[in-house]
Amino acid sequence: GVWTLVGGMITRGLTKLILIYTIAKWIPRLHYDFEEVKSYMKFGSMVTLGRSFFYASDISDRFFLGRAMSPAILGYYSFALNLSKLPTEKITVLINQVSYPAFSKLQNDREGFKKFYLKVVKVTAMIVIPLFVGGFLVSEEIINILFGEKWIPMIFIFKFMCITQIMTSLNAVNNFVHNAQGRPKWGLIYHGILAIGMATSFYLAAKNGLNAMLIPWFTTYMVVCGIWVYLTIKKIGITASEYLANIVNPVMATVLMYVAVTGSSILIEMLIYRSESFLYSMISKITVGSLFYLTYLYFYERKLFYSLKSDTIER
């Protein structure tokens, strides 16, 4: 029964613990001194409280929408949100977890820290921006092919949730940056402000229906995250112009992809025929978009590909 799930979690945790101790060749001693752990407890408590605020802001949209609207409306919103979050949860989280130890090692190397931060942001942008804009472009096809007509009401909100996730992905690394440099208090304040702002915004928006739930994302969320990015890069010595120049090629490649996909779809409808097949439409859009996006990066970001390849080989 349900205890199988509990047992699975305990077994997984215990297995990880044994393997880590085996690899690290370290066994904990029965020793405890409060003075020795006091600084760690202070750091950990701030990180924990910050994550609690993050959790509060993360669930506030569904909490207030569920109270104001029907279960069906909540279902459309939750499904659209979870679907749009997939690249963030599967790609961005992995990049940041791998990057955090490197940030910690570089905490006293100002120039090295800046260069590594810009590289992480650029790699993240190169991967996730085209995915989210691609989700915007093929949202109708994805919903109809994978989930069917009953989920059509969530297409509009899914499209624009994909755009908001661009900011989420680019912003996710900043909390790791401050923790790596010993500033967990900054993350605590940021998540606290975000929790209060988003909860208030969602409370006001939820009464106005499904599509109104996009308003807090494009107002409160964008403003708070934008300020957080600015404060982070300023603290580590990066100017706004340097930050924007760092991601200009992924952005321009995505703009080219968007224009190419939109233009080719219009031309095909005008000059050939209007396809009623969602599968054909999705395949053609993905093919054209990938071709133009990768071609642009091949000419303008070839050095980064070679750099990532050499880093991987060295590791």
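Residues numbered from 1 in each chain as written. Predicted model: local features only at pLDDT ≥ 70, side-chain atom pairs only at ≥ 80, totals over all residues. Heavy atoms only, no water.

Quick look at unusual backbone geometry
Selection criterion: Counting from the N terminus, the helices are the DSSP runs of H or I reaching at least four residues and the strands are the DSSP runs of E reaching at least two. Residue burial is assigned from relative accessible area. The probe radius is 1.4 Å, only protein chains are included, and a residue is buried under 20% of its type maximum, exposed over 50%, and partly exposed in between.
With a phi close to 55°, Lys 25 is a non-glycine residue in the positive phi region. Positionally, Lys 25 belongs in the loop between helix H1 (2-24) and helix H2 (34-68). Judged by its relative accessible area of 75%, Lys 25 falls in the exposed class.

Some details on the pattern of salt bridges
Put simply, the rule is: A pairing counts as a salt bridge when a side-chain nitrogen of Lys or Arg comes within 4 Å of a carboxyl oxygen of Asp or Glu.
Evaluation of the coordinates by the stated rule reveals 7 salt bridges. The shortest N-O distance in the salt bridge between Arg 62 and Asp 58 comes to 3.7 Å. Residue Arg 62 and its partner Asp 58 are both found in helix H2; the two are separated by 4 residues, about one turn of the helix. A residue is classified by how much of its surface remains accessible, and Arg 62, at 22% relative accessible area, is partly exposed. In this structure, Lys 122 engages Glu 301 in a salt bridge whose closest nitrogen and oxygen atoms are separated by 3.1 Å. Taken together, the residues span a long stretch of sequence, with Lys 122 in helix H5 (residues 110-137) and Glu 301 in the loop between helix H13 (278-300) and helix H14 (302-314) at a distance of 179 residues. Each member of the pair Lys 122 and Glu 301 is classed as buried. Among the charged side chains, a salt-bridge network with shared partners connects Asp 58, Asp 61, Arg 62 and Lys 85.

Side note on the packing of helix H6 (residues 139-146) against H13
When two helices pack together, their arrangement is given by the angle between the helix axes and by the axis-to-axis distance. How we decide: For helices, the fitted axis covers only the stretch in contact; all axes are lines through C-alpha atoms, and the angles between them, taken along N-to-C directions, range from 0 to 180 degrees. Just so you know how the angles are binned, under 35 degrees is roughly parallel, over 145 roughly antiparallel, 65 to 115 roughly perpendicular, and the rest oblique. Note on convention: near helix rotated counterclockwise from far helix by under a right angle means a left-handed crossing. Clockwise means right-handed. Any pair of residues with heavy atoms lying within 4.5 Å of one another is described as a contacting pair. All residues other than Ala, Val, Leu, Ile, Met, Phe, Trp, Tyr, Cys, Pro, Asp, Glu, Lys and Arg, Gly among them, are scored as polar; the first ten of these are nonpolar and the last four charged.
At their nearest, the axes of H6 and H13 sit 9 Å apart, and the two run at 135° to each other. As far as their axial angle goes, H13 and H6 are oblique. For the pair H6 and H13, the crossing hand works out as left-handed. Together, Glu 140, Glu 141, Ile 142, Asn 144 and Ile 145 of H6 and Phe 278, Leu 279, Ser 281, Met 282 and Lys 285 of H13 make up the contact between the two elements. A breakdown of the residues in the contact of H6 with H13 according to their chemical character gives 5 nonpolar, 2 polar and 3 charged.

Focus: the packing of H2 against helix H9 (residues 184-206)
Running from N to C, H2 and H9 cross one another at 10°; their axes reach a closest spacing of 8 Å. By the angle between their directions, the pair H2 and H9 is classed as roughly parallel. Of the residues belonging to the contact of H2 with H9, the class tally is 19 nonpolar, 5 polar and 2 charged.

Topic: the nonpolar core
Keep this limit in mind: What is meant by a nonpolar core is a set of buried Ala, Val, Leu, Ile, Met, Phe, Trp, Tyr and Cys residues, joined one to another through side-chain atoms within 4.5 Å.
Judged by nonpolar contacts, the single largest core of 63 residues is most densely connected at Tyr 77, Phe 103, Tyr 117, Ile 157, Met 213, Trp 217 and Tyr 243. Among the elements that take part in this core, H5 stands out by supplying 13 residues, more than any other. Residues in contact with Phe 103, not counting those within four places in the same chain, are Phe 113, Phe 116, Tyr 117, Val 120, Val 173, Val 177 and Ala 180.

Observations regarding the packing of aromatic side chains
What counts is decided by this rule: Side-chain rings of Phe, Tyr and Trp (the six-membered ring for Trp) are treated as a pair once their centres are within 6.5 Å; stacked means planes under 30 degrees apart, edge-to-face means over 60, and tilted covers the remaining angles. A ring is scored as having a charge over it whenever the NZ atom of a lysine or the CZ atom of an arginine sits within 6 Å of its centre and within 35 degrees of its normal.
Tallied over the entire structure, the rule returns 18 aromatic pairs. When the ring of Phe 63 is compared with that of Phe 64, the centres are 5.1 Å apart and the planes differ by 80°; the resulting orientation is edge-to-face. Overall, Phe 63 belongs to the partly exposed group, its relative accessible area being 47%. Looking at Lys 159, its charged tip hangs above the ring of Phe 136, at a distance of 4.6 Å from the centre. One residue, Arg 183, lies across the ring of Trp 186, its end atom 5.3 Å from the ring centre.

Focus on the environment of Lys 105
Residue placement: Lys 105 occurs in helix H4 (residues 86-105). A relative accessible area of 75% means that Lys 105 is categorised as exposed. Put simply, Lys 105 and Ala 180 are 75 residues apart on the chain and 8.3 Å apart in space, counted from C-alpha to C-alpha.

Points about a nonpolar patch on the surface
Stated precisely, the cut-off is as follows: A patch consists of residues whose relative accessible area exceeds 30% and which take part in no salt bridge; residues with like charges are grouped when within 9 Å of each other, and nonpolar side chains (Val, Leu, Ile, Met, Phe, Trp, Tyr) when within 5 Å. Areas reported here follow the Shrake-Rupley algorithm with a probe of radius 1.4 Å; residue values treat only the protein chains shown as occluding.
A cluster of nonpolar side chains, Leu 14, Leu 17, Ile 18, Ile 20, Tyr 21 and Trp 26, forms an exposed patch at the surface whose accessible area comes to about 590 Å². Take Ile 20: its relative accessible area is 52%, and that puts it in the exposed class.

Remarks on the confidence of the model for the chain
Close inspection of predicted coordinates is inappropriate for parts of the model with low pLDDT. Rules: Residue-level confidence of the predictor is summarised by pLDDT, bounded by 0 at the bottom and 100 at the top.
The predicted model of the chain averages 89 in pLDDT, with 94% of residues at 70 or higher. Here H14 is the element of the chain with the lowest mean pLDDT, 60, and helix H10 (residues 214-235) is the one with the highest, 96.

Concerning the side chain of Ser 139
Applicable threshold: Polar contacts, as used here, are pairs of N or O atoms within 3.5 Å; protein pairs need one atom able to donate a hydrogen and one able to accept it. Residues neighboring in sequence count only if both atoms are side-chain atoms.
For Ser 139, the location among the structural elements is in helix H6. Within the structure, the side chain of Ser 139 is placed 3.3 Å from the backbone oxygen of Phe 136, a separation counted as a polar contact. Beyond its immediate sequence surroundings of up to four residues, Ser 139 is in contact with Ile 155, Phe 158 and Lys 159.

Let's talk about H2
The test is simple: For a helix, the expected span equals 1.5 Å multiplied by the number of residues minus one. A residue's bend is given by the angle between axes fitted to the 7 residues ending at it and the 7 residues starting at it.
A rise of 1.5 Å per residue sets the reference length of H2, with its 35 residues, at 51 Å; its end C-alpha atoms lie 48 Å apart and thus fit the reference within 8%. Maximal helix bending in H2 amounts to about 40°, located at Ile 59. Looking only at H2, the buried set comprises Val 47, Gly 50, Ser 57, Ser 60, Asp 61, Phe 64 and Leu 65. In the core, the buried residues of H2 are packed alongside helix H3 (71-84), helix H8 (173-180), H9 and H10.

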